[in-house]
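A closer look at the structure
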Amino acid sequence: MSKLKKIARRTFLVGSAAIVGGVAFGVYKYRQDPENPLLSDASSHVLNPFVFVNEDGITLIAPKSEMGQGVHTTWAAMIAEELDVELDQVNVLHGPPAAAYFNSALIGLALPFLDYKVTGFQENLRGYVGEAGKLIGIQVTGGSTSMKDGFERMRQVGASTREVFKQAAADRWGLNAADLTTKAGLVTAPDGREAKYTELAEEAAKLEPREVELRIATEWRLLGKSQPRIDMLAKVTGTAEFGADIHVPGMKFATVRMNPKRSGMVRFDASAAENMAGVERIVDLGDGVAVIAGNTWLAMQAADAIDVTWEAANYPETTDGFFAALEDGFANEANATPRDEGDVEQVFEGTRITADYKLPFLAHSTMEPMNATALYTQSAMTIWVGSQAPLMARDAAADAVGLPKESVDLFVPYLGGGFGRRSDTDFSTVAARVAKAMPGVAIKTMWSREEDMRHDSYRPAALARFRGVIKDGQAVMLDGQVVSKSLLDFGGADRENVSGSFDQPYGIPNYRIRGYLADLGVPTGYWRSVGSSINGFVFDSFMDEMAHAAGRDPLEFRLELLRREHEPSAKVLEAIKETSGWTGSTPDGVGRGVAFTYSFGTPVAEAIEVQDTDDGIKITKCWIAADPGIALDPSIVQAQLFGGATYGLSAAVMGEITFADGEVEQFNFPDYDALRMHTTPTFDVHILQNNRFIGGIGEPGTPPAAPALANALFDLTGIRARELPLNKTFDFIL
Amino acid sequence: MTYTISVNGVDHQTSLPADVPLLWVLRDEFGLTGTKFGCGVAACGACTVHIDGEAVRSCQVQLGDVWGKVSTIEGLGQPDNLSVLQQAWLDNQVAQCGYCQSGQIMQAAELLANTPDPSDADIDEAMQGNLCRCGTYPRIRAAIHDAAERMKA
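Owing to the predicted nature of the structure, the values given are computational and were not obtained by experimental measurement.

1. Some thoughts on the overall build of chain B
In terms of regular secondary structure, chain B is built from six helices and five strands. Reading the secondary structure of chain B in the N-to-C direction produces β-β-α-β-β-β-α-α-α-α-α. For 153 residues, the compact-globule estimate of 2.2 N^0.38 gives 15 Å, and chain B sits close to it at 15 Å. Expressed as lengths along the three principal axes of its C-alpha atoms, the size of chain B is roughly 45 × 30 × 25 Å.

Dropping the structure here:
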């Protein structure tokens, strides 16, 4: 543990005073908790990995990657709520990678039951399986799980820590702890005596913390109310440190050229690059080439001047080739059939409808291109990387340079967007390998935008075939098949590939969803909302087609089916009806569509209005209603919802990665753009809190955006687009 | 040769080649990392700085061509001394990941300098070169209007 001690000391500037905390328990059921990464030796007193007090102040550890979703603020607020400190009193740090910071909620998400039907028993089971996360030691920020993960645990950390401070003061004053009060980092006695937490730290460290009953929501000071984000000041002054901004004295700057066909390298000739200005080293990575220089741009110029012969692609050379492979995937046996209610094979009376859907590969396209900084010595390495999975990144980087993982320190600065891309480890390992070429020198390896876009782990393309039957204005049968590359890729049935289709709370009596897999070869990954980014579009588009086939108002048609199955879901749609003033009709030249997706435990309905103008179709307005159970920070929840919807709309309007000659054809933003100030609609966001369990918020805003837009365009034009992006079918103002 | 350029009122010297973009001089040579690299082709606005008050994409201005005084996000205001525009950004809780925000703020600063009371159409026109993948546009718009109001007062 000496290495982690070093991290703690360096990161937290620990003084000579004692360090103290409470113990994180409550959900911890295993007798042996993972080693506390802040605990070093017998002389220090860190009792829990989340609260850190010394004479200089109070530090809270938020071991979740801050990629814009506001997690550091709300994570700290969960601790501060019970600890009785104010957010402007504390430092909030990401902390080191450590098994203690496991994500209990993420593992639970892979369970095979319908999320919206979760019972107390299943919620316990989810917690139990979450224990497996502790054993595996995954520390991942993803799957919209941070609040689920931290909500009970972090409040308990705060409460139990508060109580040891009270006990320490009580012991000091010869009083009963129950008679003392706490506020703003201060313990106060009935006679007016006061002691700061920081003064009590050493005494409190010797006390055994205990589990404390948590305060009820009506007593909350911080949670449930919008807090000023703790990262905002740094982000409006250019002082927030992203991975790209890491500065180490004497550092060098590098960039990398990798195979756009995503396989190996035959040969390269760097003779033109070697003598270019600023170039210090050409690094043969075996499967690519890096240039280390005195300046990033000079490195990029030199990298462009290297003549490389790449190995051929191990996947279809063209976009059409990928879609042919997907078509073939339908011939396989279904990989997952997580929903099969009633009997969809029986002979139905009524109106039959069918629809086929086609969705492209998508890039994540974070604003900050992939990068990492590494300092390698023969025996150790330090790496600074904006990672959503710091433990995995550390282990992969250690492997890449042949060091034991204990010899690698990893720091997580702010992430300039994640969206799932930064859960991969490739940019960490590349930087580690580059740094190994110049031991003792810190080297920042920054990918060009072109490398970033052409070496993404793409949201895989997908095809879907849906059929349904309408009788007497009712949906009596829905049978959907979706084919794509395995999204979770854990082996076995991958229900994630049909998430957003199989798990929708609609009371359709005969309802089956089957997922099919096709091995597309090209690297793919998690893209904001993952399976629901595909299924949200195909499932809800089909619901819209069913509604129209039934001759019903599309909102009322959905609402009736939701009411049969899940009241909180019905209520978000009712909220949209109310906030958007939905009447089912629109003036000439205006179209409206509605969509609904339940994902990550949160039902979200969105309505979109489009307008026909002389310059093309304009997306004018978007109404969102969502129910995350408890909105721990309404301002942040609102931002995630309209941000998530905008991310979904950008992809729906124009997002498409295509292949020719085995290479991605998009290089930079002009080829792969997104909505901008003038093309983004105005938003009206409504938050409900009827759901029984706390749901995710970073991703659920994304899935309903594409179908709401396609449904609105159908309302406007009478044209039903079943292929994305929608600019293949419609002319938008761009 | 050695170039001397004025950044935020301070003269900086560098002997980098003349064709190195100002962006990479600021970031790697002067350590002013508030200005961000996003695309390198003037398509995202993350690298926006001012030269003599004019908003420019610093990835497209070569060191040898810098024609005036450069100001960056660090020169607009500091954490303990925010400009009105930055205060409006803070109060409207604009940033999410925050990576594009330096460029957004520098672009908005130029807009407000030229158009003290911008309409939504003015904001659309001025800000459409600045990409934000988190989708903070509604709060950027609100912050610009808010700053315009405060500057009137």
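2. What to know about the overall build of chain A
Counting secondary structure elements, chain A contains 18 helices and 26 strands. When burial is assessed residue by residue, chain A has 59% of its 734 residues classed as buried. The contacts in chain A between residues at least 6 apart in sequence include a share of 79% that link residues at least 24 apart.

3. Remarks on the nonpolar core
Residues and elements named next belong to chain A. Among the nonpolar cores identified, the biggest contains 256 residues, and Leu60, Ile383, Ile624 and Leu709 are the most heavily contacted of them. The element contributing the most residues to this core is helix α17 (residues 634-654), with eleven residues. Leave out the neighbours within four places in its chain, and leucine 60 touches Phe50, Val51, Ala76, Ile79, Ala80, Val90 and Val92.

4. Comments concerning the domain arrangement of chain B
Residue and element names in this part refer to chain B. Assigned domains of chain B: these are domain 1 (3-75) and domain 2 (77-152). Between domain 1 and domain 2, the C-alpha centre-to-centre distance is 20 Å. At the interface, 15 residues of domain 1 touch twelve residues of domain 2. Elements with a contribution of two residues or more to the side of domain 1 that touches domain 2: β3 (48-51) and β4 (54-57). For the side of domain 1 that touches domain 2, the element with the highest residue contribution is β3, accounting for three residues.

5. Quick look at the pairing of strand β23 (residues 616-626) of chain A
All names here are of chain A. In this structure, strand β22 (residues 602-613) lies alongside β23, joined through ten bridges in antiparallel fashion. If you follow threonine 613 over to β23, its bridge partner there is glycine 616. Hairpin remark: β22 followed by β23, antiparallel, with two residues in the connecting loop. One ladder, built from six bridges, connects β23 with strand β26 (residues 682-687); its direction is parallel. Bridge pairing in β26 links cysteine 622 to phenylalanine 683.

6. Structural notes on the interface of chain A and chain B
Many analyses report the size of an interface as the accessible area lost when the parts associate. With 48 residues of chain A at the interface, the matching set in chain B holds 49 residues. Listing elements by their share of the side of chain A that touches chain B, those giving two or more residues are α7 (232-236), α9 (296-304), α17 and β26 of chain A. A total of six residues in the side of chain A that touches chain B trace back to one element, the largest contributor, which is α17 of chain A. Of the residues contributing to the side of chain A that touches chain B, the split by class is 22 nonpolar, 19 polar and seven charged.

7. Overview of unusual backbone geometry
Residues and elements named next belong to chain A. Here the residue pair leucine 724 and proline 725 is connected by a cis peptide bond, since its omega of 0 degrees sits within 30 degrees of zero. Within the secondary structure, proline 725 is located in the segment after α18 (705-717). In this model, aspartate 472 sits at a positive phi of 50 degrees, which is unusual for a non-glycine residue. Mapped onto the secondary structure, aspartate 472 falls in the loop between β18 (462-471) and β19 (474-484). Even without being a glycine, aspartate 661 presents a positive backbone phi close to 55 degrees. One can find aspartate 661 in the loop between β24 (659-660) and β25 (663-664).

8. Considerations on helix α1 (residues 22-29) of chain B
Summarising burial for α1 of chain B: seven of the eight residues are buried, a large majority. Turning to α1 of chain B, its buried residues are Leu22, Leu23, Trp24, Val25, Leu26, Arg27 and Asp28 of chain B. Buried residues in α1 of chain B make contact with β7 (252-258) and α9 of chain A together with β1 (3-7), β2 (10-14) and β5 (70-71) of chain B. Looking at the residues trailing α1 of chain B, positive phi occurs at glycine 31 of chain B, about 70 degrees.

9. Things to note about the sheet that holds strand β21 (residues 590-599) of chain A
Residue and element names in this part refer to chain A. Strand order in this open sheet of four strands is β21-β22-β23-β26, and the pairing throughout is mixed. Edge positions in the open sheet fall to β21 and β26, since each of these has one partner strand only. Here the strands of the sheet are splayed against their neighbours by 20 degrees on average, with no regard to which way each runs.

10. Let's talk about the pairing of strand β20 (residues 510-517) of chain A
Residue and element names in this part refer to chain A. Where burial is concerned, most of β20 is hidden: seven out of the eight residues are buried. As judged from the eight bridges shared by β19 and β20, these two strands associate in the parallel manner. What sits directly across from serine 484, in β20, is leucine 517.

11. A closer look at the packing of helix α11 (residues 390-401) of chain A against helix α12 (residues 426-436) of chain A
Residues and elements named next belong to chain A. Between α11 and α12, the least distance of the axes is 8 Å, while the angle of their chain directions is 35 degrees. The two elements α11 and α12 cross, and the hand of that crossing is right-handed. On α12, the residues touching Ala393, Ala396, Ala397, Ala400 and Val401 of α11 are Ser428, Thr429, Ala432, Arg433 and Lys436. Residues that form the contact of α11 with α12 fall into these classes: six nonpolar, two polar and two charged.

12. Comments concerning the confidence of the model for chain B
Mean pLDDT over chain B stands at 98; residues scoring 70 or higher make up 100%. Across the predicted assembly, pTM comes out at 0.93 and ipTM at 0.99.

13. A short note on the domain arrangement of chain A
Residues and elements named next belong to chain A. Domain assignment breaks chain A into domain 1 (2-223), domain 2 (243-312 + 370-446) and domain 3 (330-362 + 458-728). Across the contact, 14 residues belong to domain 1 and 17 residues belong to domain 2. Of the residues that constitute the side of domain 1 that touches domain 2, the class distribution is five nonpolar, seven polar and two charged.

14. Observations regarding the environment of glutamine 378 of chain A
Locating glutamine 378 of chain A in the fold gives a position in the loop between β14 (371-376) and β15 (381-384). Separated by 23 residues in the primary sequence, glutamine 378 of chain A and valine 401 of chain A have C-alpha atoms spaced 9.6 Å apart.

15. Comments concerning the sheet that holds strand β6 (residues 194-196) of chain A
Residues and elements named next belong to chain A. Read across the sheet, three strands follow the order β4-β5-β6 without closing on themselves; strand pairing throughout is antiparallel. Two strands close off the open sheet at either side, each with one partner strand: β4 (181-183) and β6. Between one strand axis and the next, the sheet turns by 25 degrees as a mean value, whatever way the strands run. Bridge analysis of strand β5 (residues 186-188) against β6 gives three bridges, and the strand direction is antiparallel. If you follow threonine 188 over to β6, its bridge partner there is glutamate 194. In the packing of helix α6 (residues 197-204) onto the sheet, the strands contacted are β5 and β6, and the crossing angle to β6 comes to about 80 degrees.

Rules used in this analysis
- Residues numbered from 1 in each chain as written.
- Chains lettered and ligands numbered in written order.
- Predicted model: local features only at pLDDT ≥ 70, side-chain atom pairs only at ≥ 80, totals over all residues.
- Helix = DSSP H or I, 4+ residues; strand = E, 2+ residues; numbered from the N terminus.
- Rg over C-alpha atoms; globule rule 2.2 N^0.38 Å.
- Buried ≥ 20, exposed ≤ 12 C-beta atoms within 10 Å, placed from the backbone.
- Contact = placed C-beta atoms within 7 Å.
- Core = buried A, V, L, I, M, F, W, Y, C linked by C-beta atoms within 7 Å.
- Domains from an automatic or database assignment.
- Pairing = 2+ DSSP bridges.
- Nonpolar A, V, L, I, M, F, W, Y, C, P; charged D, E, K, R; others polar.
- Axes fitted to C-alpha atoms, helices over the stretch in contact; angles between N-to-C directions.
- Left-handed = near helix turned anticlockwise from the far one by under 90°.
- pLDDT = per-residue confidence, 0-100.

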